[in-house]
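Overview (structure and organization)
Here are the chains, one letter per residue:
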Amino acid sequence: MAIVYNFSNKTFRDITKERVDVVKIASGFMGGAVKVYERNGTVIIHSENKKSSHASVSNEDGQVSEWEIRYAIEHILKRGLTEVNIKVSDTGVVHICNKEIISFFN
């Protein structure tokens, strides 16, 4: 049975202007436009260029919730679950990118 999330009371705040340091690092890594979002200790870094769209989701406590991953996919990347690849790094950061970019995870 699928879980249906009500995102109306679970929204991330755009903190891009407050996190110029993160934007600078992410821009150097991925290039393109970078936005940073935050909610209750969870941060989503979204970078997008002509070829790819990528979101990194992390939490200061190390535990990212399923709904936060789903939010990043549906509201930040604007894609469906079947249109993305998801990988969790050793540090607990969840990396999500569009399926066309296979080499990102290799």
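Report follows, based on the coordinates. Position numbers for residues count from 1 along each chain, tracking the sequence in the order it is written. Owing to the predicted nature of the model, reporting of local features is limited to residues with pLDDT of at least 70; listing and counting of side-chain atom pairs is limited to 80 or more, with chain, interface and lining totals taken over all residues. Computation of side-chain values: all heavy atoms of the structure, hydrogens and water removed.

**Brief notes about helix α2 (residues 66–76)**
- All buried positions along α2 are accounted for by Trp67, Glu68, Ile69, Tyr71, Ala72, Ile73 and Ile76.
- Two residues qualify as a contact provided that any one of their heavy atoms is within 4.5 Å of a heavy atom in the partner residue. Each helix is a run of DSSP H or I of at least 4 residues and each strand a run of E of at least 2, with the numbering of both proceeding from the N terminus. Buried positions along α2 lie against β2 (33–39), β3 (42–48), β4 (53–59), β5 (84–88) and β6 (94–98).
- Positive phi shows up at Lys78, right after α2, with a value of about 55°. Exposure classes here rest on a 1.4 Å probe applied to the protein chains alone. A residue is buried below 20% of its type maximum, exposed above 50%, and partly exposed in between.

**Thoughts on the sheet that holds β2**
- Here 6 strands make up an open sheet; going across it, the order is β1-β2-β3-β4-β6-β5 and the pairing antiparallel. Every interior strand has two partners, whereas the edge strands, β1 (13–14) and β5, have only one.
- Only strands that DSSP links by at least two bridges are regarded as paired with each other. Across 2 bridges, the pairing between β1 and β2 is antiparallel. Counterpart to Arg13 in the pairing with β2 is Glu38.
- Every axis corresponds to a line fitted to the C-alpha atoms, with the helix fit spanning only the stretch in contact, and the corresponding angles, defined between N-to-C directions, vary from 0 to 180 degrees. In the packing of α2 onto the sheet, contacts are made with β2, β3, β4, β5 and β6, and the angle to β3 comes to roughly 30°.

**Focus on the pattern of salt bridges**
- By definition, a salt bridge exists where a carboxyl oxygen of Asp or Glu is found within 4 Å of a side-chain nitrogen of Lys or Arg. Within the structure shown, the criterion is met by 5 salt bridges.
- With a closest N to O distance of 3.2 Å, Arg19 and Asp21 form a salt bridge.
- With relative accessibility at 31%, the residue Arg19 sits in the partly exposed group.
- For Asp21, a relative accessible area of 44% corresponds to the partly exposed category.
- One continuous salt-bridge network, built from bridges that share partners, spans Arg13, Glu18 and Glu38.

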